[in-house]
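# Results of the structural survey
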Amino acid sequence: MSDPRKAAAPDPDDFLDVDGSLSAEERDIRDTVRGFAARELLPDVADWFDAGTIPEPRALAKSFGDLGVFGMHLDGYGCAGASAVAYGLACRELEAVDSGLRSFVSVQGSLAMTAIHKFGSEEQKNAWLPRMAAGELIGCFGLTEPDSGSDPGSMRTRARRDGSDWVLDGTKMWITNGSIADVAVVWATTEEGIRGFVVPTDAPGFSANTVHGKLSLRASVTSELVLDGVRLPADALLPGSSGLGSPLSCLNEARYGIVWGAVGAARACYRAALDYAATREQFGRPIAGFQLTQRKLADMVVDVNQAALTALQLGRLKDAGRCHHTQVSFGKFACVAAAQRVAREARSIHGANGITLEYPVLRHMLNLETVATYEGTEEIHALSLGHAVTGISAFR
Ligand code: TGC
Ligand code: FAD
């Protein structure tokens with residue numbers, strides 16, 4: 001038995017040495033994305049959040065493409081074919097900067113590209129995926145509608161056949177990257193149930209309106225998509241898509257990335273709070289020396305590390321082909337809630353400074369409101385877990 005007194009003191013930034021079990025290749029990917037994020041994203045992200053937009057989304061897409069993170073977990077068609085853990089690490093490092101930036105990558109790779117990769121024809125895959133992986137084309141994923149959020153099965157967007165064409169009518173809402181996208185993967189009801197369509201955004205009848213006034217995920221473009229008699233050739237249909245399970249299976253991929261991303265946001269808030277507590281003095285000493293502050297830091301380091309362990313375990317299960325979608329729900333439910341607690345405590349440790357953009361904590365806290373809402377709200381994932389453990393569905 002090893003002697004715990006001789007073990008090295010834990011690193012406050014990785015208390016349980018979760019990253020110690022990463023392979024050399026996984027560590028390389030982590031360090032590459034972390035370095036990119038520190039150089040290319042962190043210096044500007046507060047300004048982007050303040051402005052409520054990403055000023056040069058095409059340049060950003062190209063940089064993400066060059067970095068190799070778009071669809072990095074997919075095989076072939078210009079994608080990196082990386083492991084689930086490697087993809088998770090990339091999400092973690094991006095979301096440590098801002099949830100909106102991880103979202104850019106999730107929507108492109110885990111949603112739009114995954115839908116084409118899973119359900120597309122060879123022609124569709126060759127036409128879209130290499131250029132999306134390279135960041136030359138931006139994709140979005142339209143599932144949610146104004147009246148169908150948690151219950152996407154109630155969607156009203158319809159696709160009807162007209163000769164060999166398809167004609168799409170409906171409205172999608174809250175669509176990330178909608179108004180900067182070249183291609184939209186749109187889910188619609190047909191006579192055969194829900195199917196997916198690849199819609200070039202320059203198709204006549206397609207328009208996108210940017211949502212303004214968001215107080216969360218401000219460094220991200222969110223849009224309404226309007227489909228007004230959009231006529232598409234027969235080959236716009238994703239031939240392998242069939243039923244609500246098709247879009248939901250794409251969501252699993254994005255939710256998995258969010259599990260890791262939440263760890264990144266939590267870690268960034270915890271680190272900011274540690275730094276601030278060590279230097280901010282009140283009553284003649286650093287606030288880190290007060291018992292109440294230490295309790296907050298203890299809660300935070302536990303939340304960050306438990307969330308990191310959950311993410312890694314899900315990644316290992318996924319790489320072994322054994323990750324069930326309700327286990328992804330477990331991760332989204334647990335890790336996003338942990339990140340919200342950490343962000344809230346970090347904000348309180350920062351006092352008044354914590355409400356400014358000079359520190360990252362309120363920005364993360366506000367972003368996490370979106371992260372807890374999209375890709376299945378906290379309640380939906382609680383019900384998914386409840387269903388899994390009881391066998392009784394309580395959704396309706
Ligand atoms: P239900 O009858 O339970 O399921 C219909 C079919 O789908 C299967 N299924 C799944 N398959 C794969 N993965 C999953 N996670 C699945 N969940 C269910 C299910 O087995 C069934 O298959 P079959 O063969 O029997 O037909 O459907 P329901 O209508 O009762 O709804 C279930 C519920 C509530 C869990 C689902 O609708 C849901 O997940 N709602 C939340 C909606 C949501 O998450 N929307 C996200 C939109 S995209 C987004 O937010 C992008 S944010 C940007 C970013 O990611 O950064
Ligand atoms: P509702 O479904 O109306 O829920 C409102 C409240 O009711 C929630 O608290 C919910 O948990 C609760 N509730 C609903 N049903 C139940 C139930 N059965 N039991 C208990 N409580 C329940 N969608 C896309 O398709 N593509 C995107 O790219 C995308 N990006 C987004 C980006 C942002 C910034 C945001 C905010 C959202 C995005 N979404 C996207 C939409 C997102 O997926 C939905 O907001 C989410 O699914 C919830 O739907 P809703 O907002 O309509 O809330």
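Since we're looking at a predicted model, the values are computed, not measured.

Analysis parameters
Within each chain, residues carry numbers counting from 1 in the order of the written sequence. Chain letters start at A and ligand numbers start at 1, both assigned in the order the entries are written. Local features are withheld for residues below a pLDDT of 70 in this predicted model, meaning they are given only at 70 or higher, and side-chain atom pairs are given and counted only at 80 or more; totals for whole chains, interfaces and linings count all residues. The basis for every side-chain value is the complete set of heavy atoms in the structure, and neither hydrogens nor water enter the calculation. For the domain bounds, the source is a domain assignment made automatically or taken from a database. Whether two residues are in contact is decided by their heavy atoms: any pair within 4.5 Å suffices. Buried area, as used here, totals the accessible surface that two parts lose on assembly, with accessibility defined by a 1.4 Å probe and the loss added over both. By definition here, a salt bridge exists when the distance from a side-chain nitrogen of Lys or Arg to a carboxyl oxygen of Asp or Glu is within 4 Å. Each polar contact in these results corresponds to two N or O atoms within 3.5 Å; when the atoms are within protein, one needs to be able to donate a hydrogen and the other to accept it, and residues that are neighboring in sequence are counted only if both atoms are side-chain atoms. Think of it in three bands: residues with accessible area under 20% of the maximum for their type are buried, residues over 50% are exposed, and the middle band is partly exposed, with areas taken using a 1.4 Å probe on protein chains only. Labels follow the DSSP assignment, with helices taken as runs of H or I lasting at least four residues and strands as runs of E lasting at least two, numbered in each case from the N terminus. The rule for pairing is simple: two strands pair if DSSP sees at least two bridges between them. Bend, at a single residue, is the angle you get between axes fitted to the 7 residues ending at that residue and the 7 residues starting at it. The cutoff for a nearby residue is simple: one of its non-hydrogen atoms must lie within 4 Å of the molecule or strand. All accessible areas in this document rest on Shrake-Rupley with a 1.4 Å probe, and a residue is counted as covered only by the protein chains that are shown. Paired rings are identified among Phe, Tyr and Trp, the last through its six-membered ring, by centres lying within 6.5 Å, and are further divided according to the angle between planes into stacked (under 30 degrees), edge-to-face (over 60) and tilted (the rest). As a reminder, the over-ring test applies to NZ of lysine and CZ of arginine, requiring each to be within 6 Å of the ring centre and within 35 degrees of the ring normal. Ten residue types, Ala, Val, Leu, Ile, Met, Phe, Trp, Tyr, Cys and Pro, are classed as nonpolar, four, Asp, Glu, Lys and Arg, as charged, and the remainder, Gly among them, as polar. Orientation is described by axes fitted as lines to C-alpha atoms, over the contacting stretch for helices, and by angles from 0 to 180 degrees between their N-to-C directions. Our angle categories are set so that under 35 degrees counts as roughly parallel, over 145 as roughly antiparallel, 65 to 115 as roughly perpendicular, and the remainder as oblique. The hand of a helix crossing depends on one turn: near helix anticlockwise from the far one by less than a right angle means left-handed, and clockwise means right-handed. Grouping buried Ala, Val, Leu, Ile, Met, Phe, Trp, Tyr and Cys residues that are joined through side-chain atoms within 4.5 Å yields what is termed a nonpolar core.

## Re the domain arrangement of the chain
What the domain assignment reports for the chain is domain 1 (18-133), domain 2 (139-236) and domain 3 (245-390). Tallying the contact residues gives 8 residues for domain 2 and 11 residues for domain 3. Both faces combined, the contact of domain 2 with domain 3 buries some 780 Å², and carbon together with sulfur accounts for 73% of it. The tally of links between domain 2 and domain 3 comes to 0 salt bridges. Counting the contacts that link domain 2 with domain 3 gives 3 residue pairs in polar contact (both at pLDDT 80 or more).

## Side note on the pairing of strand β1 (residues 139-142)
Each regular strand carries side chains that alternate between the two faces of the sheet. Here β1 shows two buried faces, one formed by Gly139 and Phe141 and the other by Cys140 and Gly142. Where β1 meets strand β4 (residues 183-190), 4 bridges bridge the pair, whose relative direction is parallel. When the bridges of β4 are listed, cysteine 140 appears paired with alanine 184.

## Description of helix α4 (residues 99-119)
Along α4, the largest kink reaches about 35° and is centred on methionine 113. With 20 of its 21 residues buried, α4 lies for the most part within the structure. For α4, the side-chain oxygen to backbone nitrogen distance between the N-cap and glycine 100 is 2.8 Å, and the N-cap itself is aspartate 98.

## Some points on the site of ligand 1
Surrounding ligand 1, one finds 25 residues, the nearest of these being Ser103, Asn252, Arg255, Gly376 and Arg396. Between ligand 1 and histidine 325 there is a distance of 3.4 Å, counted from a nitrogen atom to a side-chain nitrogen or oxygen. The separation between an oxygen atom of ligand 1 and a polar side-chain atom of arginine 396 is 2.8 Å. Coverage of ligand 1 by the protein chains reaches 70% of its 1,100 Å² of free accessible surface.

## Quick word on the packing of aromatic side chains
Applying the stated rule across the entire model yields 9 aromatic pairs. Ring geometry for phenylalanine 64 versus phenylalanine 70: centroids 5.7 Å apart, planes at 65°, classification edge-to-face. Considered together, phenylalanine 64 and phenylalanine 70 belong to a single accessibility category, that of buried residues. With centroids separated by 6.3 Å and ring planes inclined at 90°, the aromatic side chains of phenylalanine 119 and tryptophan 187 adopt a geometry described as edge-to-face. With phenylalanine 119 in helix α4 and tryptophan 187 in strand β4, this residue pair connects regions lying 68 residues apart in the sequence. By relative accessible area, which is 11% here, phenylalanine 119 ends up buried. Through a chain of ring-to-ring contacts, the aromatic side chains of Phe36, Phe64, Phe70 and Phe104 assemble into a single cluster. Just above the ring of phenylalanine 49 sits the side chain of arginine 218; from NZ or CZ to the centre is 5.9 Å. Here the guanidinium or amino end of lysine 318 rests over the ring plane of tyrosine 256, the centre of that ring lying 5.3 Å away.

## Side note on the site of ligand 2
Around ligand 2 lies a shell of 18 residues, among which Thr144, Ser150, Trp174, Thr377 and Glu379 are the nearest. Separating an oxygen atom of ligand 2 from a backbone N or O atom of leucine 143 is a distance of 3.0 Å. If ligand 2 stood free it would expose 980 Å²; the protein chains cover 68% of that surface. Of all the elements in the fold, those that place two or more residues in the shell around ligand 2 are β3 (165-176) and α10 (378-390). Sorting elements by how many residues they give to the shell around ligand 2 places β3 first, with 3 residues. For the shell around ligand 2, the residue count by class is 8 nonpolar, 8 polar and 2 charged. Composition of the shell around ligand 2 by domain shows at least three residues from each of domain 2 (139-236) and domain 3 (245-390).

## Overview of the pattern of salt bridges
Under the definition given, this model contains 26 salt bridges. One salt bridge connects glutamate 136 with arginine 131, and the closest N-O pair in it is separated by 3.1 Å. Residue classification places glutamate 136 among the partly exposed positions, given a relative accessible area of 38%. When its relative accessible area of 41% is taken as the criterion, arginine 131 is described as partly exposed. Note that aspartate 162 is salt-bridged to arginine 231, the shortest N-O span being 2.6 Å. Of this pair, aspartate 162 sits in strand β2 (residues 158-162) while arginine 231 sits in strand β7 (residues 222-232), and the two are 69 residues apart along the sequence. For aspartate 162, a relative accessible area of 33% translates into the label partly exposed.

## Examining the packing of helix α8 (residues 325-349) against helix α9 (residues 361-371)
The N-to-C vectors of α8 and α9 enclose an angle of 155°; their axes lie 9 Å apart at closest approach. Judged on the interaxial angle alone, α9 and α8 are roughly antiparallel. Note that α8 runs across α9; the crossing there is left-handed. Residues Lys332, Val336, Ala339, Gln340, Ala343, Arg344, Ala346 and Arg347 of α8 pack against Val361, Leu362, Met365, Leu368, Glu369 and Val371 of α9.

## So, the nonpolar core
The biggest cluster of nonpolar side chains holds 117 residues, and the ones touching the most others in it are Leu41, Phe64, Leu168, Trp187 and Val199. The leading source of residues in this core is helix α6 (residues 245-279), at 17 residues. When residues no more than four places from it in sequence are discounted, the contact partners of leucine 41 are Phe36, Trp48, Leu60, Phe64, Leu94, Val97 and Leu101.

## Some thoughts on the environment of phenylalanine 49
Relative to the assigned elements, phenylalanine 49 resides in helix α1 (residues 24-51). According to the relative accessible area criterion, phenylalanine 49 is buried, its value standing at 6%. Distance from phenylalanine 49 to leucine 317, taken between C-alpha atoms, is 35 Å for residues 268 residues apart in sequence. Those residues in contact with phenylalanine 49 that lie beyond four places of it in its chain are Asp98, Leu215, Leu217, Arg218, Ala219, Leu357, Arg363, Leu366 and Asn367.

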